[in-house]
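Single-letter residue listing:
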Amino acid sequence: METTTHNPYKNLSKFLLRSFVAVLLVFALQACGDDDENGPTDPPSETGNIVEVAESNDDFSDLVSALSNAGLVSTLEDDGPFTVFAPTNDAFAGVDLSGFTEDQLVEILSYHVVSGNIASGDLSAEQSVEALAGGNLFITADGEVRINDNATVVDADIEASNGVIHAIDQVVLPDSYQDVVGIISKRYGLQSLEDAVVSEELTAALQGDGPFTVFAPTNDAFDNAELGDQNLAEVLQYHVIPNEVLSGDLQAVQTVETLQGEELTIEAADGSVTITDNSGQTYEVTEADLQGTNGIVHIINGVLNPAPNIVDVATEAGNFTTLVDALGQTGLDEALQGAGPFTVFAPTDDAFSGVDLSGFTNEQLTEILQYHVVNANILSSDLETQQSVAALSEDSLFVTVNGEVVVNDAATVINADISASNGTIHAVDNVLLPDSYQDVVGIVSKRYNLQALEDAVVQAGLAGTLQGDGPFTVFAPTNAAFDEVDTSGLSDQELQDILEYHVLPQEVLSGDIESGTVTTVNGADLEVTVNNDGSVSLTDGAGNIATVITVDLQGTNGVVHIIDGVLLPS
């Protein structure tokens, strides 16, 4: 992220640099005085201390002067070891320090010092180290060593008796001397946010007077974000509040308006702070109160999404009022405000007009509504000619595409791809029902792989019978099974005889099936075999064998078992 260089401090540069070195000099002289009082001193080291080494190097003359004038003896009274990231004279040439007080100079200079001896060979690709000033320095090593994504080490590992000096080509500043852009750009863990701010040309705005509060997502948060085709600039502005909010000023719960115009909900409890966005997703503040010159930065573990969630979109649409009311009644509205992603096949108010929901218990209504929801984001462009998808109710939805999108051979998508922050809504013109709320005919007709059986039942005039009280057990041949049998020359009565041969006049679940002979509605016998592997085979009157491939599709008046062959009574 490019930051604007502020140079109101030019004359102070030399003053500060003189201060820093002078303090180290005083510290060294005091140490020598102590040695005189306590007896003979050790022979002098061939390498001088940090101050002596800096004094002997013409590139650090400004630094030596600044250290002398800043009164840093109390800070550096320890014997070390120290690591000093030392700005060269050229680094100080572009900085005017005249506007700083002595205390500020001390803070800035001690921000260049780390307690401990850190050689360049000790560095990993990324690390943060605490400076004597109290803030962190952010170091990256990738071919070259950089500090705070701003200063480059131009001469490393200059040894001293009480530490090491690394010469750098820029003066580095603590957070409190930088705007919110500078606070972000120095941190390698916020590189993705920096890149996004630059790409959307928001840098200058965030370097303005403010004050701002910025919720800064980490690189990992950006890697895991699913924002679809949302405008990135609006997403970034959704992370900014146009005033300064410190963590200590928060109430238990508050709603705040962002720079983007949408609201965030902030909660503070037990020392932690969470942010809930429009999608209903909640993220944590992992590092709070990074105070800058024009605002404050809080680091968070997710990218906030300004787009309304599925429930909000459905509410605003105006033609899903019955659905929204039902979601609220069952408590599913909270689930659909979560992260998702979800795909909702949403019945319109017209679709609900022919359905009386009052006869359902809350548990039943929950199951029916869950049957309209898939735990994935499915756009119409993602659909194949035929597919089955698992709904939240654990039943399958059967979707076909042939010019129009039809679900369960009953509901047509009349408005597709209504986008929400946590998924997609497809408006449908009928309410969808799980198997347990349909008769055996409904169970067959919703499945595109049983279309041939449905057509045969309608042709033979058996639909009304199989929608009766029952109970029935239907062995349902697949389309592929019908392809193996030529029924084109059969009369309706002959077709009815064959279909009735697939129906038992009682309900038999797979767990109750035993080997033996059963009598069908047709009146003819059917041989049932339970194999050693638990599978079930059916042998018809013609000696053909069909295998049960799907069991226990339980309906209101019986059960359907899908088989891979057509049964013939003779």
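Okay, so let's go over this structure.

Brief notes about the packing of helix H17 (residues 451-460) against helix H20 (residues 492-500)
- At a minimum axis separation of 9 Å, H17 and H20 run at an interaxial angle of 125°. Looking at the two axes, H17 sits oblique to H20. Of the two possible hands of crossing, H17 and H20 adopt the one that is left-handed. For the pair formed by H17 and H20, the contact residues are Leu-453, Ala-456, Val-457, Gln-459 and Ala-460 on the first element and Asp-492, Leu-495, Gln-496 and Leu-499 on the second.
- Partitioned by chemical class, the residues of the contact of H17 with H20 number 6 nonpolar, 2 polar and 1 charged.

Description of the pairing of strand S14 (residues 295-300)
- Across the 6 residues of S14, 6 count as buried, placing the element largely inside the fold.
- Both faces of S14 are covered, namely the face carrying Gly-295, Val-297 and Ile-299 and the face carrying Ile-296, His-298 and Ile-300.
- The sheet contact formed by strand S8 (residues 212-217) and S14 spans 6 bridges and is parallel. Among the inter-strand pairings, Pro-217 is bridged to a residue of S14, identified as Ile-300.
- Across 4 bridges, the pairing between strand S13 (residues 282-291) and S14 is antiparallel. Note on S14: the bridge partner recorded for Val-285 is Ile-300.
- Here S13 folds back onto S14 in antiparallel fashion, the turn holding 3 residues.

Some remarks on the sheet that holds strand S3 (residues 126-130)
- Spatial ordering of the open sheet is given by S2-S1-S7-S6-S5-S4-S3, a layout of 7 strands whose pairing is mixed. The sheet is open, and its two borders are formed by strand S2 (113-115) and S3, each paired with just one other strand. In this sheet, adjacent strand axes meet at a mean angle of 30° when their direction is disregarded.
- Here S3 runs beside strand S4 (residues 136-141); their pairing, made up of 5 bridges, is antiparallel. What sits directly across from Ser-128, in S4, is Phe-138.

The rules behind the values
Residues numbered from 1 in each chain as written. Predicted model: local features only at pLDDT ≥ 70, side-chain atom pairs only at ≥ 80, totals over all residues. Heavy atoms only, no water. Axes fitted to C-alpha atoms, helices over the stretch in contact; angles between N-to-C directions. Helix = DSSP H or I, 4+ residues; strand = E, 2+ residues; numbered from the N terminus. Parallel < 35°, antiparallel > 145°, perpendicular 65-115°, else oblique. Left-handed = near helix turned anticlockwise from the far one by under 90°. Contact = heavy atoms within 4.5 Å. Nonpolar A, V, L, I, M, F, W, Y, C, P; charged D, E, K, R; others polar. Buried < 20%, exposed > 50% of the residue type's maximum accessible area, 1.4 Å probe, protein only. Pairing = 2+ DSSP bridges.

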